[in-house]
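Architecture at a glance
What follows is each chain in one-letter form.
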Amino acid sequence: MNELLTPAEMARADAAAGNVAALMDAAGRAVARAILQRYKPCSVLVLAGPGNNGGDGKVAARYLAQAGWPVRVADAFTATIEQVQRAELVIDAIFGAGLSRDVSPQIADLLRAAKRIVAVDVPSGVDGATGQVRGYAPQAELTITFFRKKPGHLLYPGRGLCGKLLLRDIGMPERVLEDIAPQAWENTPALFTLPRYEATSHKYSAGDVTVLCGELAGAARLACAAARRAGAGMVTLAATTPMVLPEAGLILRTDPLATLLQDARRHTWIVGPGLGVARAGDALAQLIAAGKTIVADADALTACTGAPEKLRGTAIITPHTGEFVRVFGEIGPSKLEAARRAAATTGTVTILKGADTVIAAPDGRAAINTNAPAYLATGGTGDVLAGLSAALLAQGMPSFEAACAAVWLHGEAARSLGPGLLAEGLPAALPQVMAALG
Ligand SMILES: NC(=O)C1=CN([C@@H]2O[C@H](COP(=O)(O)OP(=O)(O)OC[C@H]3O[C@@H](n4cnc5c(N)ncnc54)[C@H](OP(=O)(O)O)[C@@H]3O)[C@@H](O)[C@H]2O)[C@@H](O)CC1
Ligand SMILES: [K+]
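Residues numbered from 1 in each chain as written. Chains lettered and ligands numbered in written order. Predicted model: local features only at pLDDT ≥ 70, side-chain atom pairs only at ≥ 80, totals over all residues. Heavy atoms only, no water.

**A closer look at the coordination of the potassium ion (ligand 2)**
Ideal geometry at a metal centre: 109.5 degrees between donors when four sit tetrahedrally, and 90 or 180 degrees when six sit octahedrally. Those protein atoms acting as donors to the potassium ion (ligand 2) are N53 (OD1), D92 (O), F95 (O), V120 (O), V122 (O) and S124 (OG), and they sit at 2.6 to 3.2 Å. Note that the potassium ion (ligand 2) binds six donor atoms; their angles at the metal cover 66 to 173 degrees, and the shape is irregular. Taken in sequence order, the residues that donate to the potassium ion (ligand 2) follow the motif N-x38-D-x2-F-x24-V-x1-V-x1-S. Placement of the pair is D92 in strand β3 (residues 89-93) and V122 in the loop between β4 (117-120) and β5 (142-146), with a sequence separation of 30 residues. For the pair shown, D92 and V122 are each scored as buried. (Donors = N, O, S within 2.8 Å, 3.2 Å for Na, K, Ca; no water. Tetrahedral: all angles 85-135°; square planar, octahedral: opposite > 155°, others 65-115°. Helix = DSSP H or I, 4+ residues; strand = E, 2+ residues; numbered from the N terminus. Buried < 20%, exposed > 50% of the residue type's maximum accessible area, 1.4 Å probe, protein only.)

Okay, here's the thing in structure tokens:
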């Protein structure tokens, strides 16, 4: 159920299912039911567009009228601002999956005049594939979509404009997905299985992670703490100078990188956080040459400015928007496609971070994350994500699954802490979150 369908894929699903009238009836009824459950009776205006989205709106009007509500239907191309202003609630059934160009200023003015909006499928103007606004899109309180969510429901700004999103079954047969074979999902635990502790596990088999540490040790130590909590049996902080570590179980090594690389048990590495750009670039090249399993973040990404090929050979990269643009250029209209392109170019699983983090694999699979609270955007949380990713890789998870799990656990740990969380609090919240997954 967590597959995402682009509007083009949804159109294929429609065509394969046939029976548009029955689907439209179910869609309109779902919209009416959602409104009846959430709103007190009020005057409703349905703004109906020229396609099936408008058709859904007309069906919803019929069901609301049957329930005794005062409902009018207006053609979106001839409706007046006054009509819209008179309605207490507007059902936006102008454009859905068939949006093919920017919304005109006349339609934008109508939507702006609405007091409260419930959107059918998507707020008109939101591109279902990308979440971008084409010309204009209104802020809905509630959006009802059908069969499967679309990427535009989960990617900003579309995600914010939907208000509360409801997904409703309209009787579309599941078999239509066989041909479409969707390659994008909402990131949920359905996408991964966490490593199991075996009775015969020892500290190396449970995962060995080495974190390169620069002058600013805080970032690397956060990554270490997260890696340890996420189940890595051996975590080493590889520093250039001796330092006092209050963490009893963390191992400090000050040997040169070349010496550490000779130890075959050190297969998983984090390179970048707090390392300094020059050292990160140099270390990244050495780790790749040594065939290690690598999570590259922060300064290691900046070291690849304009040179994404230098990341070939890494397992997971975790750029935020600024780092991504430095390495790969502008994101463009689709964050989903940008992450996929980066993954295909570098052959590495790409976690493009943000409020709507996208995880993309080189083979085209992609997931959009939805559980991260806004208060996760604070210093050091990226280092924790790198540590989580490395620990899961070290325990043998495939890169895409490890990345999806790391991002999901990160969001869940943040939610469990609530507003005011500090990055250093996240690792300690992980055991409970992992235990809840069973
Ligand atoms: N998927 C499902 O399971 C089901 C889906 N259902 C529903 O169907 C909806 C998709 O229906 P749809 O394909 O008819 O497209 P829809 O969005 O109504 O609009 C197309 C029309 O708008 C026009 N147009 C586009 N942009 C424009 C612009 N900026 N300014 C002006 N005009 C513009 C466009 O013109 P054209 O591009 O052809 O020139 C065309 O005439 C979907 O969102 C869902 O609500 C349910 O009924 C049942 C099951
Ligand atoms: K709409």
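Resuming the write-up.
**A word on the environment of L437**
Looking at the element boundaries, L437 is found in the segment after α17 (426-436). On a C-alpha basis, the gap between L437 and N19 in space is 40 Å, while along the polypeptide they are 418 residues apart. If near-sequence neighbours (up to four positions away) are discounted, L437 is found in contact with P189, F192, L194, W408 and L409. (Contact = heavy atoms within 4.5 Å.)

**With respect to the nonpolar core**
Core analysis: the largest hydrophobic core is formed by 59 residues, its most contacted members being V209, I316, I359 and L409. Per-element tally for this core: the top contributor is helix α16 (residues 399-417), with eleven residues. Of all hydrophobic cores here, the second largest spans 39 residues; its members include A27, W69, L142 and L177. (Core = buried A, V, L, I, M, F, W, Y, C linked by side-chain atoms within 4.5 Å.)

**Notes on the UniProt feature "binding site: K(+)" (unreviewed entry) in the chain**
Summarizing the sequence annotation, UniProt attributes the feature "binding site: K(+)" (unreviewed entry) to N53, D92 and S124 in the numbering used throughout. A maximum C-alpha distance of 9.5 Å among these annotated residues, which run over 72 residues, shows that they cluster at one spot. When its relative accessible area of 9% is taken as the criterion, N53 is described as buried. Excluding its chain neighbours within four sequence positions, the residues that come into contact with N53 are D92, A93, I94, F95, G96, V120 and D121. (UniProt positions renumbered as here; feature names shortened; annotations may be inferred.)

**Concerning the packing of helix α9 (residues 217-229) against helix α15 (residues 381-394)**
Think of two packed helices as two axes; the pair is described by the angle between the axes and how far apart they sit. Look at α9 against α15: their axes get within 7 Å of each other, and the N-to-C directions meet at 40 degrees. One finds that α9 runs oblique with respect to α15. Considering the relative orientation of α9 and α15, their crossing is right-handed. Along its contact with α9, which presents A219, L222, A223, A226 and A227, the element α15 presents D383, V384, G387, L388 and A391. (Axes fitted to C-alpha atoms, helices over the stretch in contact; angles between N-to-C directions. Parallel < 35°, antiparallel > 145°, perpendicular 65-115°, else oblique. Left-handed = near helix turned anticlockwise from the far one by under 90°.)

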